[in-house]
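Analysis of the macromolecular model
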Amino acid sequence: MQDFNDKTAFVTGAASGIGLGMARAFVGAGMKVVLTDVRTNELEAALATFDAVDRVHAITLDVTDRAAWVRAADEAEQRFGPVHVLCNNAGINISGKMQEATYADWDFCLGVNLGGVINGIQTFVPRMLAHGQGGHIVNTSSMGGLSASVSAGLYCTSKFAVVGLSESLRGDLMDQGIGVSVYCPAAVQSELFESTAQVRPDVFADSGAAPPPAPDFAARAASPIFASAMTAEEAGLRVLNGIRRNDMYILTHPEIAKTLATRARAIMSALPVEPPNAARIAAMGTSRHTALYEEQIAKQSPTAP
Ligand SMILES: NC(=O)c1ccc[n+]([C@@H]2O[C@H](COP(=O)([O-])OP(=O)(O)OC[C@H]3O[C@@H](n4cnc5c(N)ncnc54)[C@H](O)[C@@H]3O)[C@@H](O)[C@H]2O)c1
């Protein structure tokens with residue numbers, strides 16, 4: 001997408017952090033933005049920080065609630081017209097060893113981080129195809145969707161799934177004028193730890209992980225990982241740039257290069273060293289997904305906004 005002026009974006013998890021950063025970048029680019037979140041008070045507070053009140057609209061939405069998605073999409077279209085940019089960004093963080101996880105941990109994590117993305121796609125892709133004006137979908141994954149991390153197996157499972165979903169969806173929509181990106185950030189300043197505790201439903205209260213300690217905001221703000229993290233505003237600008245470039249992967253942190261390269265090398269090194277079977281290659285035919293990867297490789301790397 002090149003022309004953002006007067007187009008409409010719909011962002012989930014927009015009450016704080018990356019979603020709010022995206023919303024700010026979109027408004028800055030001349031878009032109308034529907035901010036949605038399950039935390040109504042935080043959402044209203046976020047809305048109040050925008051000067052361009054006629055270009056922003058807030059809707060309380062739990063991304064796991066499919067009926068609520070339909071109502072929110074209808075309301076968004078009534079307010080601003082067809083939606084061109086969908087950002088499936090709402091997410092929760094869950095940590096702990098996988099062997100200690102409960103079904104409640106799994107259902108909470110996959111319900112929001114993967115199910116929420118699926119619900120967004122199911123709701124909006126038909127509407128985007130129907131309005132025929134083109135568009136773009138950004139699904140927020142994580143560096144944890146491209147490499148495993150210690151004691152983050154549930155989170156990584158959900159975020160790896162979002163990467164595979166996004167790549168596949170990009171292939172499916174390639175000829176339909178709708179771009180698809182998966183955003184895989186490393187550390188960005190946000191409220192993720194606090195919001196996860198706030199949004200965990202009672203029905204999923206049974207956790208195998210020890211509850212996180214009550215947040216000490218002053219200590220956290222001073223901690224190296226938070227202090228060195230990218231601001232959400234910068235992350236939002238970089239996502240906007242990724243949409244403009246129609247990148248399949250929106251990567252904002254060059255610091256993850258060694259991890260990604262090492263994982264790619266590990267996968268390649270696991271291939272048997274023997275001549276490939278020509279009949280199998282012929283039977284597989286030309287894979288459309290190879291073209292997806294080649295298209296991304298052909299682009300110049302993004303630069304800082
Ligand atoms: N902050 C980081 O360092 C980082 C790194 C990698 C990936 N991410 C991902 O970025 C996304 C945004 O998180 P953030 O870090 O900005 O944290 P954040 O807490 O500031 O924002 C996440 C928002 O999602 C909302 N949310 C949670 N469950 C929801 C639900 N069921 N329905 C609707 N909204 C819901 C929360 O209320 C919150 O406002 C998440 O998907 C997260 O996994 C964050």
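Fair warning: this is a prediction, and the values are worked out from it, not measured in the lab.

Topic: the overall build of the protein
If you tally the helices and strands in the protein, you get twelve helices and seven strands. Its C-alpha radius of gyration of 20 Å places the protein within 12% of the 19 Å reference for a compact globule of 305 residues. For the C-alpha atoms alone, the extent of the protein along its principal axes is close to 60 × 50 × 35 Å. Within the protein, the proportion of its 305 residues that are buried is 38%. A fraction of 74% describes how many contacts in the protein between residues 6 or more apart in sequence connect residues 24 or more apart.

What about the sheet that holds strand 2 (residues 32–37)?
With parallel pairing, seven strands are arranged side by side in an open sheet as 3-2-1-4-5-6-7. Two strands bound the open sheet, and with one partner strand each, they are strand 3 (56–60) and strand 7 (249–250). Here four bridges tie strand 1 (residues 8–11) to strand 2, and the two strands are oriented parallel to one another. Across the sheet, residue V11 finds its bridge partner in strand 2, namely L35. Across the sheet, helix 2 (residues 40–47) touches strand 2 and strand 3, and the angle it forms with strand 3 is around 180°. Packing of helix 4 (residues 103–131) onto the sheet brings it into contact with strand 1, strand 4 (85–88), strand 5 (135–140) and strand 6 (178–183), and relative to strand 4 it is tilted by some 170°.

Some details on the site of the ligand
If you check the shell around the ligand, you find 31 residues, and the closest are G13, G17, G91, S190 and S195. Secondary structure elements with two or more residues in the shell around the ligand: helix 1 (17–28), helix 4 and helix 6 (192–199). A breakdown of the residues in the shell around the ligand according to their chemical character gives 13 nonpolar, 13 polar and five charged.

Examining the packing of helix 1 against helix 9 (residues 232–245)
In helix packing, the relevant descriptors are the interaxial angle and the interaxial distance, both defined with respect to the helix axes. Where helix 1 meets helix 9, the closest approach of the two axes is 7 Å, and the angle between their N-to-C directions is 60°. On the basis of their axis angle, the class for helix 1 and helix 9 is oblique. Between helix 1 and helix 9 lies a crossing whose hand is right-handed. On helix 9, the residues that touch G17, I18, L20, G21, M22, R24, A25 and F26 of helix 1 are A232, E233, A235, G236, L237, V239 and L240. A per-class count over the contact of helix 1 with helix 9 returns ten nonpolar, three polar and two charged.

Structural notes on the packing of helix 4 against helix 5 (residues 153–173)
Look at helix 4 against helix 5: their axes get within 9 Å of each other, and the N-to-C directions meet at 15°. Considering their axes alone, helix 4 and helix 5 lie roughly parallel with respect to each other. Between helix 4 and helix 5 the crossing geometry is right-handed. Counted together, D105, W106, C109, L110, N113, L114, V117 and I121 of helix 4 and L154, Y155, S158, K159, A161, V162, L165 and L169 of helix 5 form the full contact between these two elements. Considering only residue class, the contact of helix 4 with helix 5 consists of twelve nonpolar, two polar and two charged.

Points about the confidence of the model for the protein
On average, the protein scores 95 in pLDDT, and the residues at 70 or more come to 98%. Summarising per-element confidence for the protein, the mean pLDDT is lowest in helix 7 (residues 217–222) (78) and highest in strand 4 (99).

Remarks on the environment of H84
Here H84 lies in the loop between helix 3 (66–80) and strand 4. It is 4.4 Å that separates the C-alpha atoms of H84 and G135, two residues lying 51 residues apart in sequence. When residues no more than four places from it in sequence are discounted, the contact partners of H84 are K7, T8, A9, Q133 and G135.

A look at the pairing of strand 3
Note: strand 2 against strand 3, five bridges, orientation parallel. Bridge pairing links L35 to A58 in strand 3. In the classification by handedness, the crossover that spans strand 2, the intervening helix 2 and the parallel strand 3 is right-handed.

Section: unusual backbone geometry
Even without a glycine there, the phi angle at D6 is positive, about 70°. Even without glycine at this site, N246 takes up a positive phi of about 55°. Within the element layout of this structure, N246 appears in the loop between helix 9 and strand 7. Accessibility expressed as a C-beta count within 10 Å gives 16 for N246, which makes it partly exposed.

Description of the environment of H289
Inspection of the secondary structure assignment puts H289 in helix 12 (residues 288–298). As a C-alpha pair, H289 and R79 span 210 residues in sequence and 37 Å in three-dimensional space. Not counting chain neighbours up to four residues away, the residues in contact with H289 comprise E167 and G171.

The rules behind the values
Residues numbered from 1 in each chain as written. Predicted model: local features only at pLDDT ≥ 70, side-chain atom pairs only at ≥ 80, totals over all residues. Helix = DSSP H or I, 4+ residues; strand = E, 2+ residues; numbered from the N terminus. Rg over C-alpha atoms; globule rule 2.2 N^0.38 Å. Buried ≥ 20, exposed ≤ 12 C-beta atoms within 10 Å, placed from the backbone. Contact = placed C-beta atoms within 7 Å. Pairing = 2+ DSSP bridges. Axes fitted to C-alpha atoms, helices over the stretch in contact; angles between N-to-C directions. Near = placed C-beta within 6 Å. Nonpolar A, V, L, I, M, F, W, Y, C, P; charged D, E, K, R; others polar. Parallel < 35°, antiparallel > 145°, perpendicular 65-115°, else oblique. Left-handed = near helix turned anticlockwise from the far one by under 90°. pLDDT = per-residue confidence, 0-100. Right-handed = clockwise from strand over helix to strand, strands pointing away.

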